[in-house]
Amino acid sequence: MTSRPSTLTTDGVPALDTLAGPWTDRAELAHLPSLRNQAGQGHVNEDLTSLSWLAFPPYSGGYHTGVLRIDGTPLPARRLRWSPWGVEREGGGDGLTVRTDVRMGYERSRVLWRLTLRNTSTETRTVTVEQELLAMFARSDVDWGWLYGCPWNAGHHHDFYATERLRSEVTAPRPRQVQLLPVGARRIRVGSPRIPGIQRDEDSAPMLLESELPDHSTPDSGRVRAPGAACALREVALTRAGGASVPLGEPGARHDIRPDTDRYLGAVEIEEGDTLHFQVRLDGPGATDRTGVILTHGNHPDSLQVALEEGRLSLTIGGERVTAAEPLPPETWHTVAVRVDAEAAELSVDGEVVARTDPWWGGQRWTARVRDGGVTVEDTGSTAVSSYAFSVPPATLEADGARAVARWDLIVDPGDNVVIGWVLDVGESAAETREAASSAAASFDVSFDAVADRWRRTWRSAFEPGNGEFSGHLPTLTEADPDLARTYYTGALLAVYLRNTRSGSPGPVFLTGGPRLGPTTTFFWDQSEWGRTAALLEPAGVRAWLLAALGQPYDRCHSFDTRNLLPVGNHYAANDHALFRSVQSYVGVTGDLTLLGEVTGGRTVLDHLRAMAYRPRGQRASFGSGVLVDFGDDAWELLECVPNYRHAVVSLNAGYVGMMRSLATLLRFMGERAEAEAAEAEAGQLSAAVLKQYAGDGRWAVSHPDGSEPIGHCLDFALVAADMSEDLTAEQREEMVRFVTGHLVDGDWMRALDPGDPIAPLSDRPDHGAAGAFAAWPGATAYGLCRLGRPETAAAMLRRAHRTTSGGLWGQAMEVTPDGSYRVAERGVSNRESNAAVAVTEAVLAGLFGIRSGFTSLTRDQGAARSPYGRLENIRALGFGLRRDHQDPV
């Protein structure tokens, strides 16, 4: 087994190996590690080899990549270790240790596995190793939203919980169709189903991360609302496996379904062995040719749904679809039943089974073939082809349906190791993928080690002026406290880790997170949390990204697909502040004023800045003094899970104050003195209204049409401190600091919402509620503390932040555990990584060293290369490595 290279450094930049995670017991992790390269992403599972959520746009993978069995038994991973270049898993027992290491090829649609078996007993062991080989990949040039399309036997859509159920089964003794079994009570709806998201049964309830998310797909996804089937329905009920009956809807009621029918009959959980049944009747002309939906269990991609397809009954469930051979006879009532368990779902009519699902691995869409000592898997639904090859030829290699199995019969002496490697390549040519996989497998050790070596070179390049990898570089932090330095560099590594060079039309982009979501998606808000750092590292990429982002309808979406430049999701109220701040950071770092004259989205960048900064003019609250901006009643546009954080919130109102003042600085620099003075006056009026919302003791009030109420949320602290610190009295500053340090900062991380706040019991999410905090909030809070004159308190926060990474990097939601420590949360749809956490690096640069790099930087220096917290070298920003007459595009 190869060893890791030396961790010694000569210039202050830590060796990448020192930032890799330690071996971590599975029990300590809520969220298992991810796998990434510059082209794709994936998620490791509970076993020793399988991967899920594997995507290399334009290729996405469904189900999982196959389970390892030792002497017929799949082994769970007892401990794991993450590195930027891959993930190691270890399990075993009875004198045998099994360790695997999986890596993605650098900038390749490739995965490499290395398996090491070690005999720790005193007896020679005979071991049978079986590796299941699955490659259910499809090519798609559309549907690359946050909920991006994944291939299923019967479609192409993002099916979050079905995939997660399959992931949870990888250590089961045998494969099952567990994706057919829904989880939790869902509404039975008759007629036209709603477009599914992850789970979304209500239109108005605030988001619960573990159960709801709208359909954050792109406009090209092709997902449309299906019509209801023209038929009559009655006697809808569920019969439990034990015989009990659960009626649904009014007893004896008849439901006449039309194309626009959407009727709710009640909620029920369908458990293993249960049968959902009803009576249906088709009448009138064309009855045997009708198409439409009869009944759906929930609004989920994996929902059980019974429909008519040209008069024939069909059943769709968990990525599978089966259809009866004959049309349903008209002019009479028929009893239709669907029985569901982990082996199959059966559709019957009048007691006769007319359709039954097949095993998902059974060759319905994909076909695996043994060729030239390897395995090639072809997709009949797209042009995707995948090939496996091996460093050690298997004793047997057999294909059956979509699956192949490689088997090795090994004799391992006491104390000895046996190493096996295999490679998966994804593309569109059987010959080319076989050749690529075979070539990598033939020199497996070289190919495998090259991945880590290439990552190490990329890491070094991120801090080298004039490097050939990035269009810029980051400052090197030296002479700093070791814990502070580790947080700074871990944040920088997160940016490098989420940088994708192949997904984006603009060029290199920093993906927002994943890997269960968004392999091409960037959110405006998340990127803005570390805009200065991004502009230092990748100014050319950031410039292109800004033009693409401002070209989106950012008044109607929260993010965009960087592959096809399409909007994703609902509007975020923070978009104006986020995009303004990102432009300001880029110009403040680079001095590239030519960006302001570029036209995108039908206007110049400068006019975009005007439109965003002046938005309050059209959104004044109709209540109170009529000065504050009213952000509306939709919780999905603000913090999503804090029910009362709506309407005139302080945070983004303070943000608009900062935007107008910053715009005034730019306008004055450009000679537009009259407009600058008007913008400053307007900002002053809004600032006065914000200050009236101060509720005392560091808290701020939210105003609603029917009154105001105080709240203790970190976002109010962060934006008021960042954009209005000069407006605060000394007493207010001190009270805000006491509130944050006494109620929010907690151990090595923080809580977004004061646990003692009255709304806290209704806001349990670990990113924006009281159960933890979003990836960006500690960095934003630390910066706010610096703006309030408390850099030593900020530095103390930042020194501890690196301890929460759960053996890897920070995730979207960091949750507090029963023992008071913090870890990356998995519950719900949290991301294993979130680029917003690079805010900790931003806080070091902009907070502890004062390099604020905004429009003010066009005329005067801000910050210094040396502070009480260390020294920064190789700063390439206005006032440091760049002259102020630098106005050329980067």
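Residues numbered from 1 in each chain as written. Predicted model: local features only at pLDDT ≥ 70, side-chain atom pairs only at ≥ 80, totals over all residues. Heavy atoms only, no water.

K.L.:
What is the right way to look at the overall build of the chain in this model?
P.N.:
Scanning the chain from terminus to terminus reveals 16 helices and 54 strands. Taken against the 2.2 N^0.38 rule, which gives 29 Å for 890 residues, the C-alpha radius of gyration of the chain at 29 Å falls within 12% of a compact globule. In terms of overall dimensions, the chain has C-alpha extents of about 80 × 70 × 50 Å along its principal axes. Out of the 890 residues in the chain, the part that is buried amounts to 63%. Excluding contacts between residues fewer than 6 apart, the proportion of contacts in the chain whose partners are at least 24 apart in sequence is 68%. Only carbon and sulfur atoms are counted for the fraction: they give 47% of the accessible area of the chain, which is about 29,500 Å². For the chain, the distance from the average site of its 87 positive side-chain charges to the average site of its 115 negative ones is 3 Å. (Helix = DSSP H or I, 4+ residues; strand = E, 2+ residues; numbered from the N terminus. Rg over C-alpha atoms; globule rule 2.2 N^0.38 Å. Buried < 20%, exposed > 50% of the residue type's maximum accessible area, 1.4 Å probe, protein only. Contact = heavy atoms within 4.5 Å. Areas by Shrake-Rupley, 256 points an atom, 1.4 Å probe, with all protein chains shown as cover. Lys, Arg positive; Asp, Glu negative; His and termini not counted. Charge placed at Lys NZ, Arg CZ, Asp CG, Glu CD.)

K.L.:
Even after reading the chapter, I still don't get the environment of Leu117, so can you show me in this structure?
P.N.:
Residue position: Leu117 is located in strand E11 (residues 110-119). Take Leu117: its relative accessible area is 0%, and that puts it in the buried class. A C-alpha to C-alpha distance of 49 Å links Leu117 and Gly847, two positions 730 residues apart in sequence. In this structure Leu117 touches Ile70, Leu96, Thr97, Val127, Val129, Leu410, Asp416, Asn417 and Val418, once residues within four positions along its chain are discounted.

K.L.:
What should I look at first to understand the pattern of salt bridges in this one?
P.N.:
Should their charged atoms come close, side chains of opposite charge can pair. Inspection of every chain in the model, using the stated rule, returns 73 salt bridges. The salt bridge partner of Arg36 is Glu833, with a shortest N-O separation of 3.7 Å. Taken together, the residues span a long stretch of sequence, with Arg36 in strand E2 (residues 34-36) and Glu833 in strand E52 (residues 833-834) at a distance of 797 residues. Its relative accessible area of 2% is what places Glu833 among the buried residues. (Salt bridge = Lys/Arg side-chain N within 4 Å of Asp/Glu carboxyl O.)

K.L.:
Looking at this structure, I do not really get the pairing of strand E3 (residues 41-44). What am I missing?
P.N.:
Within a regular strand, the side chains alternate between the two sheet faces. The alternating pattern of E3 places Gln41 and His43 on one face and Gly42 and Val44 on the opposite face, and all of these are buried. Examined bridge by bridge, E2 and E3 share three bridges and lie antiparallel to one another. In the strand pairing of E3, Leu35 is matched with Gly42. Between the end of E2 and the start of E3, which pair antiparallel, lie four residues. Here three bridges tie E3 to strand E4 (residues 51-56), and the two strands are oriented antiparallel to one another. The partner of Val44 across the bridge, within E4, is Leu51. Counting the residues in the hairpin turn of E3 and E4 gives six residues. (Pairing = 2+ DSSP bridges.)

K.L.:
Whenever I open this one, the nonpolar core confuses me. Can you help?
P.N.:
In globular proteins that are soluble, nonpolar side chains generally tend to be buried together. Within the largest apolar cluster, 235 residues are counted, with the highest numbers of intra-cluster contacts made by Trp459, Leu609, Trp777 and Leu848. In terms of residue count, the dominant contributor to this core is helix H10 (residues 650-669) (eleven residues). One finds Leu265, Leu276, Leu313 and Val349 within the second-largest nonpolar core, a separate group that totals 37 residues. (Core = buried A, V, L, I, M, F, W, Y, C linked by side-chain atoms within 4.5 Å.)

K.L.:
Explanation requested: the confidence of the model for the chain in the structure shown.
P.N.:
The predicted coordinates should not be examined in detail at positions where pLDDT is low. On average, residues of the chain score 94 in pLDDT, and 96% of them reach the 70 mark or higher. Across residues 1-8, where pLDDT falls below 50, the model places 17 contacts with residues more than four positions away in sequence or in other chains. (pLDDT = per-residue confidence, 0-100.)

K.L.:
Please clarify how the packing of aromatic side chains should be interpreted in this entry.
P.N.:
When we look at a pair of aromatic rings, we describe it by the centre distance and by the angle of the planes. Counted by the stated rule, this structure contains 31 aromatic pairs. With a centroid separation of 6.3 Å and an interplanar angle of 85 degrees, the aromatic rings of Tyr63 and Trp366 are classed as edge-to-face. Note that Tyr63 is positioned in the loop between strand E5 (59-61) and strand E6 (68-70) and Trp366 in strand E29 (residues 366-371), a separation of 303 residues in sequence. Residue Tyr63 shares its accessibility class with Trp366, and that shared class is buried. Here a set of aromatic residues connected by ring pairs shows up, and it is made of Trp146, Phe523, Trp525, Tyr572, Phe774 and Trp777. Between Arg79 and the ring centre of Trp23, over which it is positioned, the NZ or CZ distance is 4.3 Å. Here Arg234 stacks its cationic end above the ring of Trp333, 3.9 Å away from the centre of that ring. (Phe/Tyr/Trp six-rings, centres within 6.5 Å; stacked < 30°, edge-to-face > 60°. Lys NZ or Arg CZ within 6 Å of the ring centre and 35° of its normal.)

K.L.:
Is there a simple way to think about the sheet that holds strand E31 (residues 385-390) in this case?
P.N.:
Pairing between sheet strands relies on hydrogen bonds along the backbone, with the strands arranged either parallel or antiparallel. The nine strands lie next to each other as E1-E8-E9-E10-E11-E34-E31-E30-E29, forming an open sheet whose pairing is antiparallel. The sheet is open, and its two borders are formed by strand E1 (24-25) and E29, each paired with just one other strand. As paired elements, E11 and strand E34 (residues 417-427) share nine bridges and run antiparallel to each other. Along E34, the bridge assignment pairs Arg114 with Gly421. Helix-sheet contacts for helix H2 (residues 430-442) involve E11, E29, strand E30 (374-379), E31 and E34, and the interaxial angle to E31 is about 25 degrees. Contacting strand E10 (96-104), E11 and E34, helix H3 (residues 444-461) crosses the sheet at an angle of about 110 degrees to E11. (Axes fitted to C-alpha atoms, helices over the stretch in contact; angles between N-to-C directions.)

K.L.:
In this structure, what is going on with the state of the cysteines? I would like to understand it.
P.N.:
In a disulfide, the sulfur atoms of two cysteines are covalently bonded to one another. Under the criterion given, the structure shown has zero disulfides. Cysteine Cys786 remains unbridged, with the sulfur of Cys714 as its closest cysteine sulfur at 16 Å. (Disulfide = S-S within 2.5 Å.)

K.L.:
Please clarify how the pairing of E29 should be interpreted in this entry.
P.N.:
Here E29 runs beside E30; their pairing, made up of six bridges, is antiparallel. Bridge assignment links Val370 to a residue of E30, and that residue is Val375. Between E29 and E30, which follow one another and run antiparallel, lie two residues, and Asp372 among them has a positive phi close to 50 degrees.

K.L.:
Help me understand the packing of helix H4 (residues 482-497) against helix H15 (residues 791-801), please; the structure alone is not making it clear to me.
P.N.:
Between two packed helices, what matters for the description is the angle formed by their axes and the separation of those axes. Contact geometry of H4 with H15 gives a least axis separation of 7 Å together with a crossing angle of 70 degrees. In terms of axis orientation, H4 runs roughly perpendicular to H15. Handedness of the crossing formed by H4 with H15: left-handed. In this structure, H4 contributes Asp483, Leu484 and Thr487 to the contact, and H15 contributes Ala795, Leu798, Arg799 and Ala801. When its residues are assigned to classes, the contact of H4 with H15 shows four nonpolar, one polar and two charged. (Parallel < 35°, antiparallel > 145°, perpendicular 65-115°, else oblique. Left-handed = near helix turned anticlockwise from the far one by under 90°. Nonpolar A, V, L, I, M, F, W, Y, C, P; charged D, E, K, R; others polar.)

K.L.:
I'm lost on the side chain of Ser348 in this one. Help?
P.N.:
Positionally, Ser348 belongs in strand E27 (residues 345-349). Those residues in contact with Ser348 that sit more than four places away from it in its chain are Thr335, Val336, Ala337, Val353 and Val354.

K.L.:
Any chance you could explain H4 here in plain terms?
P.N.:
Each turn of an α-helix holds 3.6 residues, which means side chains three or four residues apart point in the same direction. Here H4 contains 16 residues, and its C-alpha end-to-end distance of 22 Å stays within 8% of the 22 Å for a straight helix at 1.5 Å per residue. Of all 16 residues in H4, 13 are buried, a share of seventy percent or more. At the N-terminal boundary of H4, the capping side chain belongs to Asp481, with an oxygen 2.9 Å from the backbone nitrogen of Asp483. (Expected span 1.5 Å × (residues − 1). Polar contact = N/O pair within 3.5 Å; in protein donor to acceptor, adjacent residues only side chain to side chain.)

K.L.:
Can you help me understand the packing of helix H14 (residues 777-787) against H15 in this one?
P.N.:
One can describe the packing of H14 onto H15 by two numbers: an axis separation of 7 Å at closest approach and a directional angle of 160 degrees. One element, H14, and the other, H15, form an angle in the roughly antiparallel class. Seen along the crossing, H14 lies across H15 with a hand that is left-handed. In contact with Pro778, Thr781, Ala782, Leu785 and Cys786 of H14, H15 contributes Pro791, Thr793, Ala794, Met797 and Leu798. Residues of the contact of H14 with H15, tallied by class, amount to eight nonpolar, two polar and no charged.

K.L.:
I tried to follow the sheet that holds strand E53 (residues 866-867) on my own but got confused; where do I start?
P.N.:
With respect to topology, three strands assemble into an open sheet ordered E35-E54-E53, the strand pairing being antiparallel. Two strands bound the open sheet, and with one partner strand each, they are strand E35 (476-478) and E53. Bridging between E35 and strand E54 (residues 870-873) involves three bridges; their strand directions are antiparallel. By the bridge assignment, Thr478 is partnered in E54 with Arg871.

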